[in-house]
Amino acid sequence: DGLNSLALAYKNLRNYSKAIKIYEDILSHNPSKDFFYQNAANAYFDIGDHDKSEKLHNKALELNPKNIWSLNSLGLIYSNKGDDVNAINFYLKSLKINQDDSQTHYNLATSYRKIEQFSNAASHYRKSTNVKSKDFLLECLYLDPKASHEEFYSLLDDLKDSDRLWPLTASISAHASRRFSKNDPYPFCKKPKDFIQKYNLNDENLLNDDLITRFLDDVIRSNITKRGQSLLKNGEQTSGNLFNLDYDSVREIKKIVENKIEIYRMHFSKKEDGFIKNWPNKYNIYAWLIFMNKSGNLSSHIHKEGWLSSSIYLKMPNELKGNEGAIQFSLDGANYPNNENITFSKETCLLKKGDMVMFPSSLFHSTVPFSSEEQRITLAFDIIPE
């Protein structure tokens, strides 16, 4: 029990290497308590080793089939794989044990939303006290053709007057204002394209080939899980938060990112938008890698959990034609409903190796396919308010 408490303390300090070393010591004694396996599994999940995490959560359930935390975690692992049907089965098992668990309702709603069962998703978001539930409920009401416009705008009014702003609601509000020819009432960031910033870290001597090579080698040797996802064609991305990995190269990259975030914030410090005025005092930086091969691209999307989003282009194909491999921004995307007579403009940002592009998380973005045989590797990250 003492070792478990010590490991949890290291995990909360984000010292995952020490936490996992202690868990390995605990598990070597084959403990009979399920929560040792559950806690160890959560640490492996956070560093992106989802295969190890899955095995340990299954061991926890062998010892205690009513462990709703491991059931939920296995649901998250399957959802991360893109298998939300199986994820839903784990959440339903959890609700049979505790039908009032708020986080299970939130997780279940999220999987229903991802497979576009918006009515089911809305029902479970209403039963969750998670701080983000109302924002995702608003999205379900917007995407469900059977949902009431009155309920949608009533909820939007509540959210615009709350003390808490969220990029997802900003994106929905902006889109709905164009679609229904109404004013955009949400005070997050009315002109997000004005907040796009591009730097080149190579030109600023902050990034070089040696650091990129060390960083990519360290990520690969970390046993981090790679996965495909529905938005990504001809590519895969890493799981977990890369910035939880214990390598010098990761710390060096993270330091560059932290400094650039502060430079970005100060650049716009005089703006009155909620995006700047309500900048979170405490936040986590969540990072992942995206590997794209020939003809690869990302469909239009926003980062619903973020505040500020960014991409650093570690490797770019040398021979790109026109706007191949570029990133494009718009106020429309993700199959949001639209009227035939309304068009949304796109802004294209051409890219080269070492570029870093930063923008509000409410802004839809996508990438242009490329024909080169060379790989395109991007380090993406969000700052996520605590």
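Fair warning: this is a prediction, and the values are worked out from it, not measured in the lab.

1. As for the overall build of the chain
- Each helix and strand counted, the chain has 14 helices and 10 strands in total.
- Computed over C-alpha atoms, the radius of gyration of the chain comes to 21 Å, within 12% of the 21 Å expected from 2.2 N^0.38 for 386 residues, which places it in the range of a compact globule.
- Overall, the C-alpha framework of the chain stretches about 65 × 55 × 40 Å when taken along its three principal axes.
- Of the contacts made within the chain by residues no fewer than 6 positions apart, 72% connect residues no fewer than 24 positions apart.
- Working note: accessible area of the chain is about 18,300 Å², and carbon and sulfur atoms make up 46% of it.

2. Concerning the sheet that holds strand E7 (residues 347-349)
- Strand order in the open sheet made by the three strands is E7-E6-E9, with antiparallel pairing throughout. Of all strands in the sheet, those bounded by a partner on one side alone are E7 and strand E9 (364-367). Across the sheet, the mean angle from the axis of one strand to that of its neighbour is 25°, orientation sign disregarded.
- The pairing of strand E6 (residues 327-330) with E7 spans three bridges and is classified as antiparallel. Bridge pairing links Phe329 to Glu347 in E7.

3. Observations regarding the packing of helix H5 (residues 68-80) against helix H6 (residues 84-97)
- Closest axis-to-axis distance for the H5/H6 pair is 7 Å, and the angle between their directions is 165°. When the interaxial angle is binned, H5 and H6 end up roughly antiparallel. Here H5 and H6 pass one another in a crossing that is left-handed. The segment H5 lies against H6, with Ile68, Leu71, Asn72, Leu74, Gly75, Leu76, Tyr78 and Ser79 engaging Asp84, Asn86, Ala87, Phe90, Tyr91, Lys93, Ser94 and Ile97.
- Looking at the contact of H5 with H6, its residues break down into nine nonpolar, five polar and two charged.

4. Details of the packing of aromatic side chains
- Overall, the coordinates contain 21 aromatic pairs when judged by the stated rule.
- Taking the centre distance of 5.2 Å and the plane angle of 85° together, the rings of Tyr336 and Phe364 count as edge-to-face. Separated by 28 residues along the polypeptide, Tyr336 in the loop between E6 and E7 and Phe364 in strand E9 bring together distant segments of the chain. One exposure class covers both Tyr336 and Phe364, and it is buried.
- Following the ring pairs from residue to residue traces out a cluster consisting of Phe188, Phe195, Tyr264, Phe268, Phe275, Trp279 and Trp307.
- The aromatic ring of Phe291 is capped on one face by Lys226, whose charged end is 4.2 Å from the ring centroid.

5. A look at the side chain of Ser171
- Assignment of secondary structure puts Ser171 in helix H11 (residues 167-179).
- In this view, Ser171 contacts Ile302, Tyr336, Ser362 and Phe364; residues no more than four positions away in its chain are not counted.

6. Some words on the nonpolar core
- Phe215, Phe275, Leu289 and Leu379 are the most contacted members of the largest nonpolar core, which totals 96 residues.
- Of all the elements, helix H9 (residues 133-143) adds the most residues to this core, at seven residues.
- Sequence-distant contacts of Phe275, that is, excluding residues within four places in its chain, are made with Phe188, Cys189, Phe195, Tyr264, Trp307, Leu308 and Pro360.
- Membership of the second largest hydrophobic core comes to 10 residues, among which are Ile196, Tyr313, Leu351 and Val357.

7. Some words on helix H8 (residues 118-125)
- The set of residues buried in H8 consists of Phe118, Ala121, Ala122, His124 and Tyr125. Along the long axis of H8, the arc covered by the buried residues comes to 165°, so they all point the same way.
- Buried positions along H8 lie against H6, helix H7 (102-114) and H9.

8. Side note on the pattern of salt bridges
- Inspection of every chain in the model, using the stated rule, returns 24 salt bridges.
- A salt bridge links Asp46 to Lys11, with the shortest nitrogen-to-oxygen separation between them at 3.2 Å. Of this pair, Asp46 sits in helix H3 (residues 34-46) while Lys11 sits in helix H1 (residues 2-12), and the two are 35 residues apart along the sequence.
- The partner of Asp210 in a salt bridge is Arg214, and the shortest N-O contact between them spans 3.2 Å. Of this pair, Asp210 and Arg214 are both found in helix H12 (residues 209-221), four residues apart, which corresponds to roughly one turn of the helix.
- Relative accessible area serves as the criterion here: at 48%, Asp210 is assigned to the partly exposed category.
- Arg214 gets classed as partly exposed once you look at its relative accessible area, which sits at 30%.
- Ionic contacts of the salt-bridge type, sharing partners, join the residues Arg113, Glu139 and Lys304 into one network.

The rules behind each value
Residues numbered from 1 in each chain as written. Predicted model: local features only at pLDDT ≥ 70, side-chain atom pairs only at ≥ 80, totals over all residues. Heavy atoms only, no water. Helix = DSSP H or I, 4+ residues; strand = E, 2+ residues; numbered from the N terminus. Rg over C-alpha atoms; globule rule 2.2 N^0.38 Å. Contact = heavy atoms within 4.5 Å. Areas by Shrake-Rupley, 256 points an atom, 1.4 Å probe, with all protein chains shown as cover. Pairing = 2+ DSSP bridges. Axes fitted to C-alpha atoms, helices over the stretch in contact; angles between N-to-C directions. Parallel < 35°, antiparallel > 145°, perpendicular 65-115°, else oblique. Left-handed = near helix turned anticlockwise from the far one by under 90°. Nonpolar A, V, L, I, M, F, W, Y, C, P; charged D, E, K, R; others polar. Phe/Tyr/Trp six-rings, centres within 6.5 Å; stacked < 30°, edge-to-face > 60°. Buried < 20%, exposed > 50% of the residue type's maximum accessible area, 1.4 Å probe, protein only. Lys NZ or Arg CZ within 6 Å of the ring centre and 35° of its normal. Core = buried A, V, L, I, M, F, W, Y, C linked by side-chain atoms within 4.5 Å. Arc of directions from axis to C-beta. Salt bridge = Lys/Arg side-chain N within 4 Å of Asp/Glu carboxyl O.

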